[in-house]
Amino acid sequence: MALLTQRRYFLTLLAFAGAALATMAITPRFGSEPLAMSAAFIEWLTHPRQEWSIAALTLDLRLVRLAVAFLAGGTLAVCGVAFQAMLRNPLATPYTLGVASGGALGAYCAFMFAGSSLMLTLAPDDMAAALTQYLRQGASLAGAFSTMAVIYLLARSRSGISTMGLLLAGVTLSLICSAAMMFLRYMSTPDMLMRMERWLMGGVDAGSWGELTPMLPVLLPSMALLLIQARRYDQLVFGEELAAGRGVNVARLQKITFFCGSMATAAVVAVVGPIGFIGLIVPHALRRIVGPEHRLLLPCAALGGGAFLAICDTIARITPAELPVGVLTAMLGGPFFLFLLIRSRAQWGARMQ
Amino acid sequence: MLLETDGAGYAYQPGRWALRGITARFEPGTMTGIIGPNGSGKSTLLRLLASIRTPSEGAIRLNGKRLREHKSDALARSIAFMPQTVTPVCAYSCEETVALGRYPHLGAMGFLTQNDLKQIREAMLQTDTLEFAERPLDDLSGGERQRVLLASVLAQQAEFLLLDEPTSALDLHHQHEVMTLLRQFSRNGQCVIVVAHDLNLAAQFCDRLLLLSAGRLEAAGAAEEVLTAERLSPVYGGQIAVLEHPLTRQPLITVLSKKTYE
């Protein structure tokens, strides 16, 4: 791609912002119930919650869903780009370093506890639901954060973090978490098992804004910190030594990337479960459209990833079975992964000649 | 401008010294070659000079101030470093790769000015890489990639150019092109420091050679002083003969295998 000019930079960002806004405006229209958008929107905006008609309530639910999908998709795509740059591996995803597995293990523990806790069964329904939600999100975050801490302790070296150490520790911890999850599943009742399975598929069908807001204090600062590293990632991609020779503090950049990327991913997983492949598909597709430079790639990933997941969710919820969106992204992601693999093999083949 | 090491040493693990007691000065207008056998500390010395690593003992100073006391972007405008191997994972074009060399000179948003574009073009012209400008770096051969990388280091426009085996992947013709270019930079007032494997190439182009052996500075001086059979044979092992080049009168180094001198 030709060198990035100021003009192309801003035009591209403008186009992506426009596409994201259009997605936000259009996707709430779709769902199992038809909706008179403008009337419902005015009511949603001007009336207090208690006076809402069914239409406004429906719109509110869809807006929650849209916000969750947008934030989750954008975060996963940005973390994917950042991890691919830090690990210098095009196949890295936000889940490569084991944070999602830790989060899933935490959530599983919460399901076990909630299912067997007398207090939760005796509490009034809405209170029990809220308690269960906070318990699940809290446990998922706790699981993810402890995995993150263990991986950091294993991978840190004299000069910062060893990326090979990160990869090895991440993959190993993922396996350990999976083993623990298998044990928990064996120990649980069919009812719990069903909830666990459903959660693992991932879905953005949050019931209220209350599911999203507790995560924002973790999510937004982490994302902001990742986005302002953009130009340093371009240097890091070419190797730690070259980056250091250009004045990049490599150890600090790696730490910021690892911690912010892991925390943001943990927050997303706590809300929507481990939705797969967004962090892989979106960065690769966008590199082909906007080029490899991170100062454009990262913000486009935030906007494009958000819009992509929002659209996927809309498609998933208008299917007759109302699929969980994680199932849809996985069905798209698997073949895409294969396509990447075949293409890179073809390139290797060409270079051998 | 003066880059100097003062008893500098480095240990990758405590107690295991890769480099020790190196004292040397590097001045603008000179071209220095760092030579020595594998594992003698050549690359380590270059990393210390480039502030990629901090010396475990002793000091390295730029204009009398320790490297760590300089701001990192200011340092990168003074000292450019080219590592031995670089493998990008994403499809940057050659032009984009060279443009990344301007990093220490750009503002927060990283937009290129007319002057930056001129420097990028100039660097590509000098390294004979202009023809690849739009091609992805991944598509090139090893030697072509090395030249693009060199262009990106040149685009950094630093006074001190530190290069770790810049000609290792190049063919004979481009080896000489690149070394001639580097020598020309040193004549124009830059300071060039290269780690060199090829002693003959180093002898031909460098004003001064530093011979390292097992982390120590064995000898420093002009090619004729450093490259003698008595010095090289114990350092490299084996029987080394130093002849005089029939055309240039410079030292010509060959290794005598057992077969040759029996």
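Residues numbered from 1 in each chain as written. Chains lettered and ligands numbered in written order. Predicted model: local features only at pLDDT ≥ 70, side-chain atom pairs only at ≥ 80, totals over all residues. Heavy atoms only, no water.

1. Quick look at the interface of chain B and chain A
1) Next: Tallying the contact residues gives 42 residues for chain B and 30 residues for chain A.
2) Next: Summed over both sides, the interface between chain B and chain A buries roughly 3200 Å², with carbon and sulfur atoms accounting for 57% of that surface.
3) Next: Between the two partners, chain B and chain A, sit one salt bridge.
4) Next: Note that R47 of chain B is salt-bridged to E241 of chain A, the shortest N-O span being 2.4 Å.
5) Next: Remark: the boundary between chain B and chain A carries 12 residue pairs in polar contact (both at pLDDT 80 or more). (Contact = heavy atoms within 4.5 Å. Buried area = accessible area lost by both parts, 1.4 Å probe. Salt bridge = Lys/Arg side-chain N within 4 Å of Asp/Glu carboxyl O. Polar contact = N/O pair within 3.5 Å; in protein donor to acceptor, adjacent residues only side chain to side chain.)

2. What to know about the environment of Q157 of chain B
All names here are of chain B.
1) Next: Locating Q157 in the fold gives a position in the loop between α5 (142-155) and β7 (160-164).
2) Next: Overall, Q157 belongs to the partly exposed group, its relative accessible area being 38%.
3) Next: Placed 38 residues apart in sequence, Q157 and Q119 show a C-alpha to C-alpha distance of 8.2 Å.
4) Next: Apart from residues no more than four positions distant in its own chain, Q157 is found in contact with R77, R102, H105 and Q119. (Helix = DSSP H or I, 4+ residues; strand = E, 2+ residues; numbered from the N terminus. Buried < 20%, exposed > 50% of the residue type's maximum accessible area, 1.4 Å probe, protein only.)

3. Details of the side chain of H294 of chain A
1) Next: On the secondary structure map, H294 of chain A appears in helix α14 (residues 294-318).
2) Next: Apart from residues no more than four positions distant in its own chain, H294 of chain A is found in contact with V81, A85, A230, Y233, D234, V237 and P299 of chain A together with Y92 of chain B.

4. Quick word on the confidence of the model for chain A
Do not read the predicted coordinates in detail wherever pLDDT is low.
1) Next: In the predicted model, chain A carries a mean pLDDT of 89, and the fraction of residues at 70 or more is 96%.
2) Next: The low-confidence segment residues 349-353 of chain A (pLDDT under 50) makes one contact with residues lying over four places distant or belonging to another chain. (pLDDT = per-residue confidence, 0-100.)

5. Let's talk about the packing of aromatic side chains
The geometry of an aromatic ring pair is captured by two quantities: the separation of the ring centres and the angle between the planes.
1) Next: Enumeration over the complete set of coordinates arrives at 10 aromatic pairs over all chains.
2) Next: Consider the rings of F10 of chain A and F111 of chain B, whose centres lie 5.9 Å apart with planes at 45°: the pair is tilted. One end of the pair, F10 of chain A, is in helix α1 (residues 6-26); the other, F111 of chain B, is in the loop between α3 (94-99) and α4 (114-126), on a second chain.
3) Next: Look at F41 of chain A and W44 of chain A: their rings are 5.9 Å apart centre to centre, the planes differ by 20°, and that puts the pair in the stacked class. Pair noted here: F41 of chain A and W44 of chain A are both in helix α2 (residues 37-46), with a separation of three residues, about one helical turn.
4) Next: By relative accessible area, which is 38% here, F41 of chain A ends up partly exposed.
5) Next: In this structure an aromatic cluster arises from ring pairing among Y9 and F10 of chain A together with F111 of chain B.
6) Next: Here the guanidinium or amino end of R20 of chain B rests over the ring plane of W17 of chain B, the centre of that ring lying 4.0 Å away. (Phe/Tyr/Trp six-rings, centres within 6.5 Å; stacked < 30°, edge-to-face > 60°. Lys NZ or Arg CZ within 6 Å of the ring centre and 35° of its normal.)

6. With respect to the sheet that holds strand β4 (residues 57-62) of chain B
Hydrogen bonds along the backbone pair up the strands of a sheet, which may run parallel or antiparallel.
Residues and elements named next belong to chain B.
1) Next: The strand order across the open sheet formed by four strands is β2-β1-β4-β5, and the pairing between neighbours is antiparallel. Each edge of the open sheet carries a strand with a single partner, namely β2 (16-26) and β5 (65-66).
2) Next: Running at roughly 120° to strand β1 (residues 3-13), helix α1 (residues 42-49) makes contact with β1, β2 and β4 of the sheet. (Pairing = 2+ DSSP bridges. Axes fitted to C-alpha atoms, helices over the stretch in contact; angles between N-to-C directions.)

7. Examining the sheet that holds β7 of chain B
Residue and element names in this part refer to chain B.
1) Next: Spatially, β6-β7-β8-β3-β9-β10 is the arrangement adopted by the six strands of the open sheet, whose pairing is mixed. If you trace the sheet from one side to the other, it starts and ends with β6 (79-82) and β10 (216-221), each paired once. Across the sheet, the mean angle from the axis of one strand to that of its neighbour is 15°, orientation sign disregarded.
2) Next: Relative to β6, α5 is tilted by about 170°, and along the sheet it contacts β6 and β7.

8. Re the pairing of β2 of chain B
1) Next: Here seven bridges tie β1 of chain B to β2 of chain B, and the two strands are oriented antiparallel to one another. What sits directly across from Q13 of chain B, in β2 of chain B, is R16 of chain B.

9. Quick word on the nonpolar core
All names here are of chain B.
1) Next: I35, L161, L163 and L182 are the most contacted members of the largest nonpolar core, which totals 141 residues.
2) Next: With near-sequence residues (within four places) excluded, L182 lies in contact with M31, L161, L163, P166, V192 and V194.
3) Next: Counting 27 residues, the second-largest nonpolar core is a separate cluster that includes I60, L67, L162 and I193. (Core = buried A, V, L, I, M, F, W, Y, C linked by side-chain atoms within 4.5 Å.)

10. Quick look at the pattern of salt bridges
1) Next: Within this structure, the stated rule accounts for 17 salt bridges over all chains.
2) Next: R147 of chain B is the partner of D128 of chain B in a salt bridge, and the nearest nitrogen-oxygen pair spans 3.9 Å. Taken together, the residues span a long stretch of sequence, with D128 of chain B in the loop between α4 and α5 and R147 of chain B in helix α5 at a distance of 19 residues.
3) Next: Here the salt bridges share partners, and the residues they tie into one network are R65, D313 and R317 of chain A.

11. So, the packing of helix α3 (residues 54-87) of chain A against α14 of chain A
Packed helices, taken two at a time, are described by the angle their axes make and the gap between the axes.
All names here are of chain A.
1) Next: The interhelical angle for the contact between α3 and α14, taken along N-to-C directions, is 140°, at an axis separation of 7 Å. One way to sum up the angle between α3 and α14 is to call them oblique. Helix-helix and strand crossings are classified by hand; for α3 and α14 the assignment is right-handed.
2) Next: Tallied by class, the residues present in the contact of α3 with α14 amount to 16 nonpolar, five polar and four charged. (Parallel < 35°, antiparallel > 145°, perpendicular 65-115°, else oblique. Left-handed = near helix turned anticlockwise from the far one by under 90°. Nonpolar A, V, L, I, M, F, W, Y, C, P; charged D, E, K, R; others polar.)

12. Considerations on the side chain of Q84 of chain A
All names here are of chain A.
1) Next: Mapped onto the fold, Q84 is located in helix α3.
2) Next: A polar contact of 3.4 Å, which involves the side chain of Q84, links it to the backbone oxygen of G279.
3) Next: Once residues within four sequence positions are removed from consideration, Q84 is found in contact with N89, P90, A92, G279, L280, P283, H284 and R287.

13. Describing the state of the cysteines
1) Next: This model, assessed by the stated rule, comprises zero disulfides over all chains.
2) Next: This cysteine, C79 of chain A, is not joined by any disulfide, and C260 of chain A carries the nearest cysteine sulfur, 8.9 Å off.
3) Next: Here C79 of chain A falls in the buried class, since its relative accessible area comes to 0%.
4) Next: Unpaired in terms of disulfides, C191 of chain B finds its nearest cysteine sulfur in C206 of chain B, a separation of 11 Å.
5) Next: C191 of chain B gets classed as buried once you look at its relative accessible area, which sits at 0%. (Disulfide = S-S within 2.5 Å.)

14. Remarks on unusual backbone geometry
1) Next: Even without being glycine, E322 of chain A reaches a positive phi, approximately 50°.
2) Next: Secondary-structure assignment places E322 of chain A in the loop between α14 and α15 (325-352).
3) Next: Relative accessible area serves as the criterion here: at 42%, E322 of chain A is assigned to the partly exposed category.
4) Next: Of note in this structure, D128 of chain B is not a glycine but carries a positive phi near 65°.
5) Next: The partly exposed category is assigned to D128 of chain B, whose relative accessible area is 34%.

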